[in-house]
Amino acid sequence: MTTLLEITSLKTWFPTRDGIVKAVNAVDLKIEEKEKLGLIGETGSGKSILGMSIIRLFHSSAKINIEGKIVYKGKDLLRLSEEEIRKIRGKEIAMILQNPATSLNPVLKVGDQIAEAIQLHQRLAKRAASEKAVEMLEAVKIPAPDKMANKYPHEFSGGMKERAMIAMALACDPSLIIADEPTKGLDVTIKMQVVKLLREVTKQRSMLFITHDLGVAAEVCDNIAVMYAGELVEYAKTEDIFKNPLHPYTQGFLNSLPERGLKPIRGMSPSLINLPDGCRFHPRCDYATGICKTRHPEMAEIGNGHFVRCLLYDRS
Amino acid sequence: MTEIKDLNRFWNAYKESRLGLIGLAILLFFVTLAVFAPYIAPYDPHEMFKPMEHPGSDHLLGTNDIGQDILSELIYGARVSLFIAFFVSVVSGIIGTAFGLLSGYFEMFGFFLMRIVDAFLAIPRLPLIIVIAAFMRPSIWNLIFIFIILGWPITTRIIRSEVLSLRTRNYVEAARMVGAPDTYILMKHILPNVFPLLVVRLIIEASHVIIAESSLSFLGLGDPTAKSWGMILHYAFVYPTIFISDLWMWWMLPAGLCITFTILSLTFIGYALEELVNPRLRGMTRI
Amino acid sequence: MHRITKITGYVAIILVVLSFNFFLPRLMPGDPLSFLTGAPGMDMPIVLDEETRAKLLTYYGLDKPLSQQFYDYMLGILHGDLGWSIYHNAPVSDILIGALKWTLLLVGTSTALYMVLGILLGAISAWNRGGKSDVGLLVSLLSIGSFPPFFLGMLFIILFSVKLNLFPAFGAQTPFMGYSSLLEEASDILYHLFLPATTLVISHIGGVYLLMRNSMLNVIGEDYILTARAKGMAEWYIMRKHAMKNALLPITTMIALRTGFMIGGTILVETVFAYPGVGRLLFDAVTYRDYPLLQGAFLIITLVIIAANFVADMVYVQLDPRLRHD
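An account of the accompanying structure is given in this report.

Procedures and definitions
Residues numbered from 1 in each chain as written. Chains lettered and ligands numbered in written order. Predicted model: local features only at pLDDT ≥ 70, side-chain atom pairs only at ≥ 80, totals over all residues. Heavy atoms only, no water. Helix = DSSP H or I, 4+ residues; strand = E, 2+ residues; numbered from the N terminus. Buried < 20%, exposed > 50% of the residue type's maximum accessible area, 1.4 Å probe, protein only. Contact = heavy atoms within 4.5 Å. Rg over C-alpha atoms; globule rule 2.2 N^0.38 Å. Buried area = accessible area lost by both parts, 1.4 Å probe. Salt bridge = Lys/Arg side-chain N within 4 Å of Asp/Glu carboxyl O. Core = buried A, V, L, I, M, F, W, Y, C linked by side-chain atoms within 4.5 Å. Domains from an automatic or database assignment. Pairing = 2+ DSSP bridges. Axes fitted to C-alpha atoms, helices over the stretch in contact; angles between N-to-C directions. Patch = residues over 30% accessible without salt bridge, like charges linked within 9 Å, V, L, I, M, F, W, Y side chains within 5 Å. Areas by Shrake-Rupley, 256 points an atom, 1.4 Å probe, with all protein chains shown as cover. Polar contact = N/O pair within 3.5 Å; in protein donor to acceptor, adjacent residues only side chain to side chain. Parallel < 35°, antiparallel > 145°, perpendicular 65-115°, else oblique. Left-handed = near helix turned anticlockwise from the far one by under 90°. Lys, Arg positive; Asp, Glu negative; His and termini not counted. Charge placed at Lys NZ, Arg CZ, Asp CG, Glu CD. Nonpolar A, V, L, I, M, F, W, Y, C, P; charged D, E, K, R; others polar. Expected span 1.5 Å × (residues − 1).

Quick look at the overall build of chain B
- A tally of helices and strands in chain B yields twelve helices and zero strands.
- Along the three orthogonal principal directions, the C-alpha set of chain B runs to about 75 × 45 × 35 Å.
- For chain B, with 287 residues in total, the buried portion stands at 51%.
- Of all intrachain contacts in chain B linking residues separated by at least 6 positions in sequence, the fraction that spans at least 24 positions is 68%.

Printed below as a string of structure tokens:
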């Protein structure tokens, strides 16, 4: 398998009035062709910012600091000009943003919102792009797609909005889809339909699947990376994460699932402005020892592609 | 103690705005002129000398058509303009806030009051002022009365919508739950929270009053005994050769600039305050 | 439903203005006629000839009971009878109709210009928030907006008419000029329109600009802007196609309210440039204490503003698809 996207020591920081938000800290991550990679973490762990950093999805006047390397098909996305990265966005790498209720423009027809990207990247005429948009709506199984293309977002149900977001992402046949919490807020039946659809439409492409829903991640992903307080703490094949979670945070996260007893992790996730010294998880960790308060562990391979960032497994 | 601390914090945040500081400096300049007019002005503005004198050592800005020193008129004019603006914005602010608090808090009263406010807001303000002023004897107090009558509705509307959103906050609900009297809740929990908004409103109202007063005076509906900047412009404008001679340079320009800079200072201050009240205007990025 | 409440509101406001017009002269000390002839602050008393006096008497109908007077007054309004102008010695409605076209021309062109410019500049400013163009636009528009319209108009006359001799200082047309073609007439009218319209545009652009800038700053943080960017759309396109329409929605009614300010400015600008519109008539009416004309002009101005509000409501419904369907 070939590597499609390789992220090396990515850092995304941005200043606010209260201090610098260190949203992503020295993250290394690789996505193979056709790989579905899950990025798991609590709200505020920096996982959405990581997804947005890949295609630099920030307003030009926003004071955002992205460092490191993001190599996609041999090009470092962080070195591209604004003009060049725009040709990647939507065409090579598409992103499904979270919250379809607010991510669709309320005053534009859904069909037009899909067609505009097609018009831009595939240089089709307006009518051809509109026809393609209807096809996309059909591909995501929206009933009466030609009629629905002429409707506004407020006339779509929650599940249909999510499908429309997926159609929008697929429109220009991207190699990589970054899906940010695509199942958040949907009820169980619709959630399973959306998951099924996502699996279907990403058969021939890669996906970075950002979620805090472990159950859904298990359905979709080949590998899973667990993120905590802006950094990765564990990386393994999906079944290894579930059968043999190594990091105390991953274990805690799994134990908080309903089928494993609904035991929440004690304490609260740290603010990305004031990160704890040493291991970032130590204030909440049941296994923490003195050294965890001062020494920051590195990501280390324990065996067979299973990586963890924890001093419990540190042999040095 | 907490009030002083709050004030300090407020000032520190305000200082950040360069526009706000410039505005404050200009306003202070005019306030100083107004307060110390008798000490600063070279003459009594009503004293008559030789008419139509050009600027010279005796009269820095010359004299007008009936021989009054224009510089002294300008300095005393600051008194009239600023006094009216200050008085009207404070009184209509108090009335508007009282109505706003009550109408936001008591639904029925609010509903009826808002229909009245709507009517007031739909009728063009300056033309209405002109019509009323044309029927009334032109005096400062009549003008002030008209401005207050027409000034409170906007304040009421702004305060009311703020009260409506404050009402649903937890601490207000909690206070109601434990049976705190309405007046207590209004004064203790709601008033302090609408205060910043009110200050912005007062500043903007003051600048509207200055424009309205100078416009009325310019049209000849001002109080002839209390000469404001607008009144100076009125007399200059109706003078036959104002445009074709150099008279405008000392008779018209300084008075116009005084009005302009006063409005400018209030606009800048208002903008700086609004930035404080509405942090999103600061151009912070939401992620 | 929404529309019915709105229309009821407009009718109510027109009734309020009509009653205001009816009661104001009757509430003044003495009867309207003696008030008319000896108004306070008047330099010269008006001497009415017998014919005018008789016309005014029948118009006010003072010998009848108040309710009958009110009924007659309203009936007269419905037939377009706005009373008799003392100064012009002609029906108020005739004079107003002659002046209205000039005011509509002046207000119409300047409103179109200052709204388009204000909205565009506000959008650009917000899009580059914190940048050089934003700060530059903000400071310069707040500054020029601080000039009172009459002062700005006088400065323009001195600069562009007297000193540079580029544009005429007064009037709407060159007096006693026979036009050989429609084009010649139109260009003469535009030539006279330029300075007053520019004055109005400059003194009103700041308000719309600020409203649009603030509204745009809200919209920029919305998720759908991010979606558009994720599709690879260009910034300028996103601003135009995705942000501006959404930013306009919450401020259409506020922009319409500004027509009220605008009309106030028109009175002053028409006065300074001796432009023969309704505003100038209002000034004349004030100067000569021609109360029927004053009240007629006030009524017409109010109607224009209500019409503007009505248009704004329609635009709002057109802009927002969520309202269009119900």
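Comments concerning the overall build of chain A
- Of regular secondary structure, chain A possesses eleven helices and twelve strands.
- What you see for chain A is a C-alpha radius of gyration of 20 Å, in line with the 20 Å of a compact globule of 316 residues.
- Overall, the C-alpha framework of chain A stretches about 65 × 45 × 45 Å when taken along its three principal axes.
- Pairs at least 24 residues apart make up 62% of the contacts formed inside chain A by residues separated by at least 6 positions.

Considering the interface of chain C and chain A
- Of the residues lining the interface, 24 residues belong to chain C; the matching set on chain A comes to 27 residues.
- At the boundary of chain C with chain A, total buried surface from both sides reaches about 2500 Å², with 58% on carbon and sulfur atoms.
- Interface area lost by chain C to chain A is led by Arg229(C), Ala230(C) and Lys231(C), which between them contribute 24%.
- For the interface between chain C and chain A, the tally reads one salt bridge.

Describing the nonpolar core
- The biggest cluster of nonpolar side chains holds 166 residues, and the ones touching the most others in it are Ile130(B), Phe147(B), Phe218(B), Met252(B), Met212(C), Met216(C) and Leu294(C).
- In terms of residues, this core owes the most to one element, helix H8 (residues 182-220) of chain C, which gives 15 residues.
- Built from parts of two domains, this core gets at least three residues from each of domain 1 (18-81) and domain 2 (95-323) of chain C.
- Core analysis: the next-biggest nonpolar cluster, separate from the first, contains 101 residues, Leu137(A), Ala179(A), Leu198(A) and Cys285(A) among them.

Looking at the sheet that holds strand E3 (residues 36-40) of chain A
All names here are of chain A.
- Strand order in this open sheet of eight strands is E6-E7-E8-E3-E9-E10-E12-E11, and the pairing throughout is mixed. Of all the strands in the sheet, just strand E6 (93-96) and strand E11 (300-303) have a single pairing partner and so form its edges. The sheet shows a mean angle of 20° between the axes of neighbouring strands, taken without regard to direction.
- In the packing of helix H11 (residues 248-255) onto the sheet, contacts are made with E3, strand E9 (223-228) and strand E10 (231-237), and the angle to E9 comes to roughly 100°.

Concerning a nonpolar patch on the surface
Residue and element names in this part refer to chain B.
- A cluster of nonpolar residues, Val31, Val35, Phe36, Tyr39 and Ile40, forms a patch on the protein surface that exposes about 510 Å² of accessible area.
- Those elements giving two or more residues to the nonpolar patch turn out to be helix H2 (18-35) and helix H3 (37-40).
- Mapping Val35 onto the fold places it in helix H2.
- For Val35, a relative accessible area of 47% gives the class partly exposed.

Digging into the pattern of salt bridges
Residue and element names in this part refer to chain A.
- Throughout the structure, instances matching the rule amount to 25 salt bridges over all chains.
- One salt bridge connects Lys47 with Glu181, and the closest N-O pair in it is separated by 3.5 Å. With Lys47 in helix H1 (residues 47-54) and Glu181 in the loop between strand E7 (176-180) and helix H8 (188-201), the pair connects residues that are 134 residues apart, well separated along the chain. Take Lys47 and Glu181: they sit in the same class, and that class is buried.

Things to note about the interface of chain B and chain C
- On the side of chain C, 52 residues touch chain B, which itself brings 46 residues to the contact.
- Buried area between chain B and chain C, summed over both chains or domains, comes out near 4500 Å², and the portion from carbon and sulfur atoms is 80%.
- Linking chain B with chain C are zero salt bridges.
- At the surface where chain B touches chain C, the tally comes to one residue pair in polar contact (both at pLDDT 80 or more).

Quick look at the pairing of strand E2 (residues 19-32) of chain A
Residue and element names in this part refer to chain A.
- As judged from the ten bridges shared by strand E1 (residues 3-16) and E2, these two strands associate in the antiparallel manner. Bridging across to E2, Trp13 finds its partner in Lys22.
- Counted along the chain from E1 to the antiparallel partner E2, the turn is two residues long.

Considerations on unusual backbone geometry
All names here are of chain A.
- One non-glycine residue with positive phi stands out, namely Arg56, at about 50°.
- Within the chain, Ala229 stands out as a residue other than glycine whose phi angle is a positive 50°.
- With respect to the helices, strands and loops of the structure, Ala229 is situated in the loop between E9 and E10.

Focus: the sheet that holds strand E4 (residues 65-72) of chain A
All names here are of chain A.
- Spatially, the four strands line up as an open sheet ordered E2-E1-E4-E5, and their pairing is antiparallel. This sheet does not close on itself; its edge strands, each paired only once, are E2 and strand E5 (75-76).
- Of the pairings in the sheet, the one linking E1 to E4 comprises seven bridges and is antiparallel in character. Bridging from a neighbouring strand, Trp13 pairs with Asn65 of E4.
- Set on the sheet, H1 makes contact with E1, E2 and E4; between it and E1 the angle comes to about 115°.

Some points on the packing of helix H5 (residues 92-127) of chain C against helix H11 (residues 252-272) of chain C
Residues and elements named next belong to chain C.
- The interhelical angle for the contact between H5 and H11, taken along N-to-C directions, is 130°, at an axis separation of 11 Å. Here H11 runs oblique to H5, going by the angle between their axes. As for the relative orientation of H5 and H11, their crossing is right-handed in sense. Taking contact as the criterion, the partners of Thr103, Leu106, Val107, Ser110, Thr111, Tyr114, Met115 and Ile119 in H5 are, on H11, Ile255, Arg258, Thr259, Met262, Ile263, Thr266 and Glu270.

Some points on a negative patch on the surface
All names here are of chain A.
- Residues Glu131, Glu135, Glu138 and Asp146 make up a contiguous surface patch of negative charge.
- Considering every element that reaches the negative patch, the biggest residue donor is helix H5 (residues 126-139), with three residues.
- With respect to the helices, strands and loops of the structure, Glu135 is situated in helix H5.

Describing the pairing of E4(A)
Residue and element names in this part refer to chain A.
- Two elements, E4 and E5, share two bridges in a ladder whose sense is antiparallel. Along E5, the bridge assignment pairs Tyr72 with Lys75.
- Between E4 and the antiparallel strand that follows it, E5, lie two residues; Lys73 among them carries a positive phi value of about 45°.

Regarding the packing of helix H9 (residues 182-218) of chain B against helix H12 (residues 253-277) of chain B
Residues and elements named next belong to chain B.
- Remark: H9 packs on H12, axes separated minimally by 9 Å, with the N-to-C direction vectors making an angle of 160°. The orientation of H9 with respect to H12, classified from their angle, is roughly antiparallel. For the pair H9 and H12, the crossing hand works out as left-handed. Taking contact as the criterion, the partners of Pro196, Leu197, Val199, Val200, Ile203, Ala206, Ser207, Ile210, Ile211 and Ser214 in H9 are, on H12, Ile259, Thr262, Ile263, Leu266, Ile269, Gly270, Leu273, Glu274 and Val277.
- Considering only residue class, the contact of H9 with H12 consists of 14 nonpolar, four polar and one charged.

Things to note about the environment of Gly232(C)
- Within the fold, Gly232(C) resides in the loop between helix H9 (223-230) and helix H10 (235-248).
- Residue classification places Gly232(C) among the buried residues on the basis of a relative accessible area of 0%.
- Setting aside anything within four residues of it in sequence, one finds Gly232(C) in contact with Arg86(A), Arg89(A), Leu120(A) and His121(A).

Brief notes about the side chain of Asp180(A)
All names here are of chain A.
- On the secondary structure map, Asp180 appears in strand E7.
- Of the side chains with opposite charge, Lys47 comes closest to the buried, unpaired Asp180, at an N-O distance of 6.0 Å.
- A polar contact of 2.9 Å, which involves the side chain of Asp180, links it to the side chain of Ser48.
- Dropping the residues within four chain positions of it, Asp180 is found in contact with Ser48, Met95, Ile96, Leu97, Gln98 and Ile210.

Some details on the side chain of Ser203(C)
- Residue position: Ser203(C) is located in helix H8.
- Not counting chain neighbours up to four residues away, the residues in contact with Ser203(C) comprise Gly145(C), Phe147(C), Pro149(C) and Leu152(C).

Some points on the environment of Ala226(B)
Residue and element names in this part refer to chain B.
- Inspection of the secondary structure puts Ala226 in the loop between H9 and helix H10 (229-238).
- Along the chain, Ala226 and Ile140 lie 86 residues apart, while their C-alpha atoms are 7.3 Å from each other.
- Ignoring sequence-local partners within four residues, the contact set of Ala226 consists of Val80 and Ile140.

Describing helix H5 (residues 107-122) of chain B
- Along its 16 residues, H5(B) runs 22 Å from first to last C-alpha, staying within 8% of the 22 Å computed at 1.5 Å per residue.
- Three or more residues of H5(B) are buried, namely Gly110(B), Leu113(B), Met114(B), Val117(B), Ala119(B), Leu121(B) and Ala122(B).

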